[in-house]
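Summary of structural features
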Amino acid sequence: MKTIITYGTFDLFHFGHVRLFQRLKAMGDRLIVCVSTDEFNAKKGKAAFFNYQQRAEIIAACRYVDLVLPETNWEQKREDIERLDIDIFGMGSDWQGKFDHLSNQCKVVYLDRTGNISTTEIKSNLGAN
Ligand code: C2G
């Protein structure tokens, strides 16, 4: 059983997120997604439109996702990798290199971000109308 993990806010869930999950899931058997809590988002300087419960519910409904857990801090990744017996840690390429330090625990991959879509763009386009 090959388990993959990823972390993020995933606000206004869009096809960029779906394509990340789709590619990560194709690398193994089980995909765990850790969704940033509202409190952690505040520390990240992000204010999501949907709150944690709503974002977690949406992500859990995605066909590629097997388990949704909360992300409450930057430091939990090492413990998560051990506790959940993670084989692959994956993020989009905007995080390229930022988590290489985890490579002594599991395989670390960065997948190309999907172009022309982001939560920020959605918000600004909607605001423009
Ligand atoms: N992503 C993507 N393509 C997009 C938009 C996002 O592949 N068009 C990926 C990002 O690279 C990231 C994931 O989707 O891996 C989630 O993006 P965000 O919700 O913006 O999460 P972020 O703020 O990057 O938080 O500890 C890690 C942090 O919680 C990541």
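Bear in mind that the values here come from a model prediction, so they are computed numbers and not experimental data.

**Let's talk about the pattern of salt bridges**
Under the definition given, this model contains six salt bridges. A salt bridge links Asp11 to Lys123, with the shortest nitrogen-to-oxygen separation between them at 3.7 Å. Of the two residues, Asp11 sits in the loop between strand S1 (3–8) and helix H1 (15–25) while Lys123 sits in helix H5 (residues 119–128), which places them 112 residues apart along the sequence. The exposure class assigned to Asp11 is buried, which follows from its relative accessible area of 4%. Judged by relative accessible area, Lys123 falls into the partly exposed class, the value being 37%.

**So, the environment of Trp95**
Mapped onto the secondary structure, Trp95 falls in the loop between strand S4 (88–92) and strand S5 (107–111). With 87 residues separating them in the primary sequence, Trp95 and Gly8 have C-alpha atoms 11 Å apart. Once residues within four sequence positions are removed from consideration, Trp95 is found in contact with Trp74 and Tyr110.

**Overview of the site of the ligand**
Looking at the ligand, there are 21 residues lining it, with Lys46, Glu71, Lys77, Asp94 and Ile117 nearest. At 3.1 Å, a backbone N or O of Thr9 approaches an oxygen atom of the ligand. Within the contact set of the ligand, a nitrogen atom lies 2.8 Å away from a backbone nitrogen or oxygen of Thr114. Put simply, the parts of the chain that give the shell around the ligand at least two residues each are S1, H1 and S4. Broken down by element, the shell around the ligand gets its largest block of residues, three residues, from H1. Tallied by class, residues from the shell around the ligand come to seven nonpolar, eight polar and six charged.

Conventions used here
- Residues numbered from 1 in each chain as written.
- Predicted model: local features only at pLDDT ≥ 70, side-chain atom pairs only at ≥ 80, totals over all residues.
- Heavy atoms only, no water.
- Salt bridge = Lys/Arg side-chain N within 4 Å of Asp/Glu carboxyl O.
- Helix = DSSP H or I, 4+ residues; strand = E, 2+ residues; numbered from the N terminus.
- Buried < 20%, exposed > 50% of the residue type's maximum accessible area, 1.4 Å probe, protein only.
- Contact = heavy atoms within 4.5 Å.
- Near = heavy atom within 4 Å.
- Polar contact = N/O pair within 3.5 Å; in protein donor to acceptor, adjacent residues only side chain to side chain.
- Nonpolar A, V, L, I, M, F, W, Y, C, P; charged D, E, K, R; others polar.

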